[in-house]
Structures are given as C-alpha cells and as structure tokens.
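Each chain, letter by letter, is given below.
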Amino acid sequence: MDVITDPDVDAVWICSPSQYHAEQIKAAAANGKHVFCEKPLATDLSETVEAINACSEAGVKLMTGLQRRFDENFKRVRTAVEKNEVGDTIMIKLCSRDPAPPPFAYVKGGGGIFADMAVHDLDMSRFLAGADPIDILAVGSCHIDKEIEKLEGSEAFDTASCIVRYPNGVQAMIDVCRQSSFGYDQRAEVLGTKGMIQTDNVYPNTAKIFRGDFTGNADMPYDFFLSRYNEAYVTETIAFCDSLVNDTPVPCTGQDGLAALIMAIAADKSAAENRWVRFDEVVQSVYCVGPMECQLVAESDVFPESFRPSSSTKDLLVPEYDEQKGRKKTGFFGGIFG
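Here we summarise the structure given alongside this text. (Residues numbered from 1 in each chain as written. Predicted model: local features only at pLDDT ≥ 70, side-chain atom pairs only at ≥ 80, totals over all residues. Heavy atoms only, no water.)

**Side note on the state of the cysteines**
Here is step 1 of the chain: Inspection of the entire model under this criterion finds 1 disulfide.
Here is step 2 of the chain: Through a disulfide, Cys288 is tied to Cys294; the S-S separation comes to 2.0 Å. As the torsion about the S-S bond is roughly 105 degrees, the Cys288-Cys294 disulfide counts as right-handed. Accessibility assignment for this pair places Cys288 and Cys294 in one class, buried.
Here is step 3 of the chain: Unpaired in this structure, Cys142 has its nearest cysteine sulfur neighbour in Cys177, at a distance of 9.5 Å. (Disulfide = S-S within 2.5 Å. Buried < 20%, exposed > 50% of the residue type's maximum accessible area, 1.4 Å probe, protein only.)

Written as structure tokens, this is what we have:
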C-alpha cells in the first residue's frame, strides 16, 4: 500500500495473484493512480464491474494486461483483417497448447480451463473478428493429468474446444490443451473470401537442419511463456506508458477485460450445461444499485422491485477515463455487450 499512497507515484502495475486484483485496483483509484492490471481484473463479474467503475469515477486510466494483443504475429493478422487483405472474414481458428500441465495446486481454485487458459484465445477471437460475439458452445475433457478429474466444473478439464459465433455468420474455433510435447503451440488463422493469413509458432532461432532422415527447425519452439511473449510484454508496457505521457486512450481497456471474462464464464456455463450460451445471459446475472454496489443475481436474497438485470454492460459501467475526455479510441464494444 506504500506505493499506492505515495504522492510521487502516478501509476501502478498490478501483477499480484488474481484474488487481490479488484481490491488493489479500487485502492489505487481511490488514491488517484492510473492502473495497469494483468488479467483478470477480478475473479467474478460483479467485482470486475466495480473495479472498472472505481477507476472511471476517480478519473484514472485502467488498462487490462492481455499481452497476446501486442505480439507481432497476432498483430499482423489483425492488420490483415482491418485492411481487408484476405477479404471478408469467414472463419477464425486459434489453438493454444502449453508445454506441460501445471501442478494440481495451481489448477485447484484457478477458475477452470476457460477462465485460466482459454480466456486469452477467447479475447483474441474477438480482437481478430473486430466485433462482439453472439454465443458460444464449449466442451471439455481430461487426457493428461487424471488427478484433476476429481475437481469441480471446468477445473477437471485439461483439454477444451469452443465454437464462438459472431455477426455475419463468422465462426471462431478454439482448441486448448495443457500439454504439448513440442513446446508452446499457439497459432492463429483467418480465412477470408479472398485468401487466408496464419501464424506459426515462435522459435529461439531460424536455424534449420537438412539431413537424409530429417528436414526442419534445429530447435524446438519456446517452452516458457516469458520467453515466448517477452517482446509482447515490453510492447504492452510501452503502450501503457505512452498513453500516460501523451494522454491517449489505452489500447486494451477495462471493458476489454470485462468482455474476456464474460466470454470465459459463458464457455464454462456452456460446457456445464451442454448447450449454446448467449453472452447476454452472463451480463444479465449482474445488477448494480450503484457504480460500486454490484452483485450477482444468484447471490442475492432480495431482488429490488425497481430493478431488472441489464443485458448491456454499458448499463452497468460508468464511462471510462478516455470516454469522459472525449478521446476514446475507435473500437468495438457494442452489440450484446452494449
């Protein structure tokens, strides 16, 4: 708390365990500090809304850390979509497979494979689609670490797949697995009406071996996320600093973090109930009697007579810093998200 209350500090980076994020965001905002917070902004939806509103009401910037948006490979795919280089988008494919499964203690209480792992890919599908999604169908299973099968919900999964539907019939297909024997396997592909763009895995070097019995990369792909995304983390940090120095909109907002969490919760619900789940169903689970008084409907004993759950996040959120200043970046947070 010494850093948060220090008058010489203008901004804070929150990279603590997830369960402390919301409390620390609110404390930073109350002390007038701009905030960069690693995903998730909070561990549940109501706390996430409150954390975003705390920054908005305090008039400070809030940037969500979703580092894949700053990776040069994924950025190039987004640029191709924006410039219509492969025509109108038909289909998006994303895969994310970790080098090795995490320990049981990490998985237990971690929120499940959709919130803990697939959230990056769900966010990336929205980033590449350039639009807000409509609904999702998700399934999960366990193949690697049978010990986790005794856990609740999607914490029992080490493998999962999702289909996300976007406007104009665009489909996004995502598969994730907690183990890949050949290092990080994280690729993206967009099929358009005029062509396709895809990324490859990232290797420590470009050296290749040519032999009678083998032709290919001399070394395996990176096997640690800090190595794989080192440049993305640097670029992300520079982007936040630039927004502070030049008072420009942050490139990954609190609303982006909220959207990613909504998508992960919907995926979890879909896998549990074996059905398509609309994202506005998740938004309707939260009501706010004030910007800092939000609650999950399922946890409420008394439902206010004058209130009906919102199906639009804009009904839950106070305008963010850049919206208040009239300098909000051109983006997309409409449709079912508001």
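**With respect to the environment of Ile163**
Here is step 1 of the chain: Within the secondary structure, Ile163 is located in strand β6 (residues 159-165).
Here is step 2 of the chain: By relative accessible area, which is 31% here, Ile163 ends up partly exposed.
Here is step 3 of the chain: Not counting residues up to four positions away in its chain, the partners in contact with Ile163 are Asp135, Ile136, Leu137, Ala172, Met173 and Trp276. (Helix = DSSP H or I, 4+ residues; strand = E, 2+ residues; numbered from the N terminus. Contact = heavy atoms within 4.5 Å.)

**What to know about the nonpolar core**
Here is step 1 of the chain: Counting residues in each nonpolar core, the largest one holds 78 residues, and the members touching the most others are Val35, Phe114, Leu122, Leu128, Ile136 and Val164.
Here is step 2 of the chain: The biggest single contributor to this core is helix α6 (residues 113-129), with 9 residues.
Here is step 3 of the chain: Not counting residues within four places of it along the chain, the set of residues in contact with Leu122 comprises Phe114, Ile136, Cys162, Val164, Tyr166, Ile174, Met263, Ala264 and Ala267. (Core = buried A, V, L, I, M, F, W, Y, C linked by side-chain atoms within 4.5 Å.)

**Let's talk about the sheet that holds strand β4 (residues 89-97)**
Here is step 1 of the chain: Taken in spatial order, the 7 strands line up as β9-β8-β4-β7-β6-β5-β12 in an open sheet, and their pairing is mixed. Two strands in the sheet have a free side with no partner beyond their single neighbour: β9 (195-198) and β12 (277-278).
Here is step 2 of the chain: Where β6 meets strand β7 (residues 171-177), 7 bridges bridge the pair, whose relative direction is antiparallel. Along β7, the bridge assignment pairs Cys162 with Ile174.
Here is step 3 of the chain: Relative to strand β8 (residues 185-192), helix α4 (residues 72-82) is tilted by about 10 degrees, and along the sheet it contacts β4, β8 and β9.
Here is step 4 of the chain: Strands β4, β5 (135-141), β6, β7 and β8 of the sheet are contacted by α6, whose axis makes an angle of about 150 degrees with β4. (Pairing = 2+ DSSP bridges. Axes fitted to C-alpha atoms, helices over the stretch in contact; angles between N-to-C directions.)

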